[in-house]
Amino acid sequence: MTNIDDRIRGALDEDDQAFLENLQEDRGMFRQIGDSMTGPLGGWAKVVFGFAILIGLAMLWVVRNLVLSTEVDQATFWAVVLTATLVVQGFIKEWLFARMNMLTILREIKRLQLQVAMLEERKN
């Protein structure tokens, strides 16, 4: 613990401490996914999440067709389509997880802003 952390904790009253403790609790993956569905880009996150589900279902259909294909040309075609759906699914998940990480970083920045503002208020 650093000196500045001790000074910040000393300047906070009980309500502020309780609020900061609430911000510091660990959030699980599902809670973070739910949090990413809100806010200014929440609508886009919902659309992309729905698209990810559709791509996943399409991927299952492609795997079925790949397994049931009898000719080499058909198998090659379905293997290429499977690769394409895997790449698209990867890009979608990368976007969703990047959004979750961005929201986590913003949450930490807001927490620090709150601590600095309360410390400044106590100082004045």
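The preceding data block contains the structure.
Model, not experiment: these values are computed from the prediction. (Residues numbered from 1 in each chain as written. Predicted model: local features only at pLDDT ≥ 70, side-chain atom pairs only at ≥ 80, totals over all residues. Heavy atoms only, no water.)

Colleague: Explain the side chain of Q89 to me, please; I cannot follow it from the model alone.
Modeller: Inspection of the secondary structure assignment puts Q89 in helix α5 (residues 72–123). Excluding its chain neighbours within four sequence positions, the residues that come into contact with Q89 are A52, I55, G56 and M59. (Helix = DSSP H or I, 4+ residues; strand = E, 2+ residues; numbered from the N terminus. Contact = heavy atoms within 4.5 Å.)

Colleague: Please clarify how a nonpolar patch on the surface should be interpreted in this entry.
Modeller: On the surface, F49, F51, I53, L54, L57, L60 and V88 cluster together to form a nonpolar patch covering roughly 660 Å² of accessible area. A total of 6 residues in the nonpolar patch trace back to one element, the largest contributor, which is helix α4 (residues 42–68). Along the chain, the position of F51 falls in helix α4. Take F51: its relative accessible area is 42%, and that puts it in the partly exposed class. (Patch = residues over 30% accessible without salt bridge, like charges linked within 9 Å, V, L, I, M, F, W, Y side chains within 5 Å. Areas by Shrake-Rupley, 256 points an atom, 1.4 Å probe, with all protein chains shown as cover. Salt bridge = Lys/Arg side-chain N within 4 Å of Asp/Glu carboxyl O. Buried < 20%, exposed > 50% of the residue type's maximum accessible area, 1.4 Å probe, protein only.)

Colleague: Before we go on, may I ask you to explain the layout of surface pockets in this structure?
Modeller: In this approach, a probe sized like a water molecule rolls over the atoms, and the result shows the empty space that is left. Estimated volume of the largest pocket: approximately 230 Å³. Contributing elements (two or more residues each) for the lining of the largest pocket: α3 (29–36), α4 and α5. A total of 5 residues in the lining of the largest pocket trace back to one element, the largest contributor, which is α5. Across the lining of the largest pocket, the residue classes tally to 8 nonpolar, 3 polar and 1 charged. (1 Å grid on protein atoms, 1.4 Å probe; cavity = no way out; pocket = protein on both sides within 12 Å on 5 of 7 lines; lining within 4 Å. Points joined across faces, edges and corners; volume = space filled by probe spheres on them. Nonpolar A, V, L, I, M, F, W, Y, C, P; charged D, E, K, R; others polar.)

Colleague: Teacher, can you tell me more about the packing of aromatic side chains here?
Modeller: Two numbers describe a pair of aromatic rings. These are the distance of the centres and the angle of the planes. In the structure shown here, the tally under the stated rule is 2 aromatic pairs. Measuring from centroid to centroid gives 5.3 Å for W61 and W78, while their planes differ by 85°, and the two rings are edge-to-face. Note that W61 is positioned in helix α4 and W78 in helix α5, a separation of 17 residues in sequence. With 5.0 Å between their ring centres and 70° between their planes, F77 and W78 make a pair best called edge-to-face. A relative accessible area of 47% places F77 in the partly exposed class. Chaining the aromatic ring pairs together yields one cluster made of W61, F77 and W78. (Phe/Tyr/Trp six-rings, centres within 6.5 Å; stacked < 30°, edge-to-face > 60°.)

Colleague: Can you help me understand the pattern of salt bridges in this one?
Modeller: One pass over the structure, following the stated rule, counts 1 salt bridge. Across the salt bridge formed by E108 and R111, the nearest N and O atoms sit 3.0 Å from each other. Residue E108 and its partner R111 are both found in helix α5; the two are separated by 3 residues, about one turn of the helix.

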